[in-house]
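The chain contents come next:
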Amino acid sequence: MITQFFQKNNSTCGKNRKSLYYRKNSGKGSEKMSVLFLEYPKCSTCKRAKAWLTENGITFDDRHIVEDNPTAEELKAWWEKSGLPLKKFFNTSGLVYKEQNLKERLPNMSEEEQLALLATNGMLVKRPLVIGEDFVLIGFKEAEWERLK
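In this text the structure is predicted, and so the values were computed from the model without any measurement. (Residues numbered from 1 in each chain as written. Predicted model: local features only at pLDDT ≥ 70, side-chain atom pairs only at ≥ 80, totals over all residues. Heavy atoms only, no water.)

(A) Structural context of unusual backbone geometry. Backbone torsion omega between Arg 127 and Pro 128 reads -10°, so that peptide bond is classified as cis. Backbone geometry at Asn 101 places phi at a positive 50°, although glycine is not the residue there. Owing to a relative accessible area of 41%, Asn 101 belongs among the partly exposed residues under this scheme. (Buried < 20%, exposed > 50% of the residue type's maximum accessible area, 1.4 Å probe, protein only.)

Given below as structure tokens:
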């Protein structure tokens, strides 16, 4: 049995794209879940997180966070689902964040302005991101990721 739980329409680089994420029931009482994994492939933390997903048998749809940057609408939905402060979605240790002096600017920006800014450049977004049916994980903290098993 397969139950659809998330559908996303995205128009990126002139392409119309639909991504579906499923919860699969193997029929043996255990469910396998497919999640969306956003990464920057050159990032060592993302590499470790991807290896962890693979080693633990977690099915994922891989997405390059710079080549296919999240939209403001996606980011808003993920932020609301996460229950975290919006600042947690910013890559505060990144060069782009520092070059744009966002530490000083963010407190004076509305949430809509912050989401729009995040949508302009994947290097501003904290990574990796794992998006599931009812959760969002930001960054790689193995203890938090245990819920994916």
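More follows now that the structure is in view.
(B) Structural view of the packing of helix α2 (residues 72-82) against helix α5 (residues 111-118). It is at 8 Å that the axes of α2 and α5 come closest, and there the two elements cross at 120°. It follows that α2 is oblique to α5 by the angle criterion. Like other packed secondary-structure pairs, α2 and α5 cross with a definite hand, here right-handed. Residues Ala 72, Leu 75, Lys 76 and Trp 79 of α2 form the contact with α5, whose participating residues are Glu 111, Leu 115, Ala 116 and Leu 118. (Axes fitted to C-alpha atoms, helices over the stretch in contact; angles between N-to-C directions. Helix = DSSP H or I, 4+ residues; strand = E, 2+ residues; numbered from the N terminus. Parallel < 35°, antiparallel > 145°, perpendicular 65-115°, else oblique. Left-handed = near helix turned anticlockwise from the far one by under 90°. Contact = heavy atoms within 4.5 Å.)

(C) Region of interest: the packing of aromatic side chains. A complete count under the given rule lists six aromatic pairs for this structure. Centroid distance Trp 52 to Trp 145: 5.8 Å. Interplanar angle 85°. Geometry classified as edge-to-face. Separated by 93 residues along the polypeptide, Trp 52 in helix α1 (residues 44-55) and Trp 145 in helix α6 (residues 142-145) bring together distant segments of the chain. On the accessibility criterion, Trp 145 (0% relative accessible area) is buried. Members of the aromatic cluster, connected to one another through ring pairs, are Phe 37, Trp 52, Phe 60, Phe 140 and Trp 145. (Phe/Tyr/Trp six-rings, centres within 6.5 Å; stacked < 30°, edge-to-face > 60°.)

(D) Examining the environment of Ile 58 more closely. As for its placement among the helices and strands, Ile 58 is situated in the loop between α1 and β4 (59-64). For the pair Ile 58 and Leu 148, spaced 90 residues apart in the sequence, the C-alpha separation amounts to 7.1 Å.

(E) Quick look at the pattern of salt bridges. With the rule as written, the count across this model stands at five salt bridges. Residue Lys 50 pairs with Glu 39 through a salt bridge whose shortest N-O separation is 3.0 Å. Here Lys 50, found in helix α1, pairs with Glu 39, found in strand β3 (residues 31-39); they are eleven residues apart in sequence, far enough to count as distant. Classification of Lys 50 as partly exposed rests on a relative accessible area of 28%. Here the residues in one salt-bridge network are Glu 39, Lys 50 and Asp 62, joined through shared partners. (Salt bridge = Lys/Arg side-chain N within 4 Å of Asp/Glu carboxyl O.)

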